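# Descriptive structure summary
What follows is each chain in one-letter form.
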Amino acid sequence: MKNTLPVLDHGFVRLRNMAGPTRRADYNGATSSGGCRDFDADDTDPANAARMSFDGQDQDRNYEVEMKLNRYLLMNKHMTPFEMIEVWLEMKLPIFVARQFVRHRTAGLNEISGRYVQLPAEWYIPPLEHVQLQSDTKKQGGNSIDLTDQSQVDKAIRFTTYLYADCEQSYRHYELAIKDGIAMEQARLFLHVNHYTHWLWKQDLRNLFGFLLLRDHGHAQKEAQAYAKAVTMLLKPHVPGLMELYEDIIRGEAL
């Protein structure tokens, strides 16, 4: 499906919509940056919104002028204009990743409810190369296994084999409980944190930049990084200039 990227083994991110303060009817036309327009949002929206302060909105200015103002705004931490673009993302992701994302507390979301529907038999099993051994400091997750070290490979195989078997058995018990008439809100207690959930996530661009900065970072869990990278890739074709400024200024300052 268009504007969708697969993530992990059963997950995905889909860009559902991007909207700015200016209504545009030229879908499938050219954006101000020369890209293809699928949504209302445009690279020039933050700059145009910022001009409200001087009662100078909606005047004809070329793309370079507007991007110069956007750069000035970001460089000087004038962030409110970037809140004028809203982004809707549909995500299918493991519950443990979802728990990390909601900590941002800057997004609105609607999630599939295990109280009302039976969740499908989908759980995340990391591939061997992504299995990690606990780091000595215990501060930031683990270290990827050495695929040339057979003892580490054996540990990874044992881990993924047992994990899959446990998830499969737990899901059978989940199904049996539902069949026996146990309320789905309690039957779901059998499910693991690597089970997949599914939600619609809405966030303004300013806070989405903050989300990406933290989750597409070497200290973030690799599975969370995978979703952040997918979001970045989905946004770039639609607001390439703003994403370039994000990479240059926001991520650049953090590196």
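Just above, that's the structure.
Note that this is a predicted model, so its numbers are computed, not measured.

## As for the packing of aromatic side chains
Taken as a whole and assessed by the stated rule, the structure comprises 11 aromatic pairs. Look at Phe 101 and Phe 211: their rings are 4.8 Å apart centre to centre, the planes differ by 80°, and that puts the pair in the edge-to-face class. Taken as a pair, Phe 101 in helix α3 (residues 95–102) and Phe 211 in helix α6 (residues 205–215) lie far apart in primary sequence, 110 residues in all. As far as burial versus exposure is concerned, Phe 101 and Phe 211 are alike and both buried. A ring pair is formed by Tyr 171 and Tyr 174, whose centres lie 5.3 Å apart and whose planes are at 55°; its orientation type is tilted. With Tyr 171 and Tyr 174 both in helix α4 (residues 150–179) and 3 residues apart, the pair spans about one turn of that helix. Each member of the pair, Tyr 171 together with Tyr 174, is buried. By way of ring pairs, the aromatic residues Phe 101, Trp 199, Trp 201, Phe 211 and Tyr 227 are connected into one cluster.

## Let's talk about the pattern of salt bridges
Evaluated as defined, the whole model comprises 13 salt bridges. As a salt-bridge pair, Glu 83 and Arg 206 come within 2.6 Å of each other at their nearest N and O atoms. Of this pair, Glu 83 sits in the loop between α2 (63–75) and β3 (86–94) while Arg 206 sits in helix α6; the two residues are 123 residues apart in sequence, bridging distant segments of the chain. Note on Glu 83: relative accessible area 28%, which makes it partly exposed. Residue Lys 202 is joined to Glu 86 by a salt bridge in which the shortest nitrogen-to-oxygen separation is 3.5 Å. Here Lys 202 is found in strand β7 (residues 196–204), whereas its partner Glu 86 is found in strand β3, with 116 residues between them in sequence. Residue class for Lys 202 comes out partly exposed when judged on its relative accessible area of 32%. Assessed through its relative accessible area of 24%, Glu 86 is described here as partly exposed.

## Some points on the pairing of strand β2 (residues 11–19)
Of all 9 residues making up β2, 7 are buried, and the element is well covered by its neighbours. The pairing of strand β1 (residues 4–7) with β2 spans 4 bridges and is antiparallel. Each residue of the ladder has a partner; that of Val 7, found in β2, is Gly 11. Remark: 3 residues form the turn of the hairpin made by β1 and β2, two consecutive strands paired antiparallel; Leu 8 in that turn has positive phi of roughly 55°. Of the pairings in the sheet, the one linking β2 to β3 comprises 7 bridges and is antiparallel in character.

## Section: the environment of Leu 133
Position of Leu 133 among the secondary structure elements: in strand β5 (residues 132–134). Since its relative accessible area comes to 28%, Leu 133 is described here as partly exposed. C-alpha of Leu 133 to C-alpha of Asp 146: the two residues are 13 residues apart in sequence and 9.6 Å apart in space. Apart from the residues within four sequence positions on either side, Leu 133 is in contact with Gly 142, Asn 143, Ile 145, Gln 152 and Lys 155.

Definitions and limits used
Residues numbered from 1 in each chain as written. Predicted model: local features only at pLDDT ≥ 70, side-chain atom pairs only at ≥ 80, totals over all residues. Heavy atoms only, no water. Phe/Tyr/Trp six-rings, centres within 6.5 Å; stacked < 30°, edge-to-face > 60°. Helix = DSSP H or I, 4+ residues; strand = E, 2+ residues; numbered from the N terminus. Buried < 20%, exposed > 50% of the residue type's maximum accessible area, 1.4 Å probe, protein only. Salt bridge = Lys/Arg side-chain N within 4 Å of Asp/Glu carboxyl O. Pairing = 2+ DSSP bridges. Contact = heavy atoms within 4.5 Å.

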